[in-house]
Structure formats: structure tokens, C-alpha cells
Amino acid sequence: GIPLPLYIAIPFTIIAITGIVNSMNIIDGLNGLSSGITIISSFFMLLISHKLNINAISNILLILFSCNLGFFLINFFSGKIFLGDGGSYLNGFILSIASIILSNTSEDISPWFFVICLSYPIVDTLFSMYRRSIIKGNSPFKSDKLHIHTLLFKRIFRDQTKTTIFILLISFSFSYIAYIFRQNTLI
């Protein structure tokens, strides 16, 4: 990739980290959704970090993957525990930092791989901001409960389990394709 000058790279990095952290919190509205996206993203990033032989990031991603898998099994099926702000913010922070470190470690891995791995939270957040500001005429930062997952739940599936599985299958499919083409920025 083309290196950005520091006066662009630093604000862009801060916005990217903040965006991912908040987007992981935004998608924490259905049982298993935020943790499921974390499982998928951390799994594929773990494969990358293992191939690049970056043991510290591999270990952190393995811990993130394992903790979220254990959490997912309880949350998705019973809903008796939840991530809350702290859990979803932590997941987003670790995923965003791992993405930055891994994309800056090897020029062989396309930075778009990480964008695609985190595409659902990114798209949901951008969709919500667009809907709030353009369609509703409100501030894009004003909170509400109409996100892609909520609209799919209320208008199409009417079942939390089906909605979560649908989104996770799409996210996994895109992440898998991104992993296959991880070295080809053009694709």
C-alpha cells in the first residue's frame, strides 16, 4: 500500500479505532450477534497472524476467540448473560488494534481484508448514520434502535435466532472470501 503522511494517518487511525469500537457496541442488540462477529473476525485474523508468525497477536486473538466462543454458547442459546458496553467495546478495541498491527506488518496482506472481516459492524453503523441524517433529518450521532439487525428481526425473520444466524453466515462467507484473496488488493 501507499503510506499516508502522518498528519493524515494519525487522525484516520483514531477514527478507525473509534469507529470499530463503537460499531461493535451498536451491533450488540441480538443474542450472539456481536460475539459471533468477534468470533468470525478473530478467527480469520488469527489465521493471518499465525501465517505471519506474530505470536503476541496470535495469542491475544486466540484468547479473544476462545472467550467469545464460550460466551456465545451461553448467550446465544439462553440469553442469560450479555456483553454490555464493556465487553463489546473491548472486542472492538482488540479487533481494531489487531487489524492495524497486522496490516502494517506485512505488505502481502491487503488492508481491505480487515475491512471486509469487520464489514457488518461498519456497514450497520454507516447505514444507521445515513438513515438518521439523510432520511430522518436528525443528527447521525443521535442513538436509536433501528439498525440492520433490528430491521431484519422486526420485518423479515421475526425470530432472534434466525436473524443472528443469517447475519453470521453472510459475515462468515465474506470473511472467508476475503481470506482466500487476502493478498490481492484489487479483488
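Located above this text is the structure these notes cover.
In short, a report on the structure. What you are looking at is a predicted structure, and each value in this text was computed from that prediction instead of being measured.

1. Focus: the nonpolar core
Thinking step 1. Leu-33, Met-45, Leu-61, Leu-102 and Phe-113 are the most contacted members of the largest nonpolar core, which has 35 residues in total.
Thinking step 2. Elements supplying a minimum of two residues to this core: α1 (6-26), α2 (33-51), α3 (55-78), α4 (84-105), α5 (111-117), α7 (148-157) and α8 (160-180).
Thinking step 3. When residues of this core are assigned to their parent elements, the largest contribution, eight residues, is made by α2.
Thinking step 4. Met-45 has contacts with Leu-61, Leu-95, Ala-98, Ser-99, Leu-102, Phe-113, Phe-114, Cys-117 and Leu-118, leaving out every residue within four places of it along the chain.

2. Structural notes on α4
Thinking step 1. With 22 residues, α4 extends 32 Å between its outermost C-alpha atoms, agreeing within 8% with the 32 Å of an ideal straight helix rising 1.5 Å per residue.
Thinking step 2. Of the residues making up α4, those classed as buried are Gly-84, Gly-87, Ser-88, Asn-91, Gly-92, Ile-94, Leu-95, Ser-96, Ala-98, Ser-99 and Leu-102.
Thinking step 3. Taken together, the buried residues of α4 touch α1, α2, α3 and α5.

3. Thoughts on the packing of α2 against α8
For any two helices packed against each other, the geometry is given by the interaxial angle and the distance between the axes.
Thinking step 1. In contact at an axis separation of 9 Å, α2 and α8 are set at 15° when each is read in the N-to-C sense. The angle between α2 and α8 places the two elements in the roughly parallel class. When you trace α2 past α8, the crossing you get is right-handed. Along its contact with α2, which presents Leu-33, Gly-36, Ile-37, Ile-40, Phe-44, Leu-47, Ile-48 and Lys-51, the element α8 presents Thr-164, Ile-167, Leu-168, Ser-171, Phe-172, Ser-175, Tyr-176 and Tyr-179.
Thinking step 2. Grouping the constituent residues of the contact of α2 with α8 by class yields eleven nonpolar, four polar and one charged.

Analysis parameters
Residues numbered from 1 in each chain as written. Predicted model: local features only at pLDDT ≥ 70, side-chain atom pairs only at ≥ 80, totals over all residues. Heavy atoms only, no water. Core = buried A, V, L, I, M, F, W, Y, C linked by side-chain atoms within 4.5 Å. Buried < 20%, exposed > 50% of the residue type's maximum accessible area, 1.4 Å probe, protein only. Helix = DSSP H or I, 4+ residues; strand = E, 2+ residues; numbered from the N terminus. Contact = heavy atoms within 4.5 Å. Expected span 1.5 Å × (residues − 1). Axes fitted to C-alpha atoms, helices over the stretch in contact; angles between N-to-C directions. Parallel < 35°, antiparallel > 145°, perpendicular 65-115°, else oblique. Left-handed = near helix turned anticlockwise from the far one by under 90°. Nonpolar A, V, L, I, M, F, W, Y, C, P; charged D, E, K, R; others polar.

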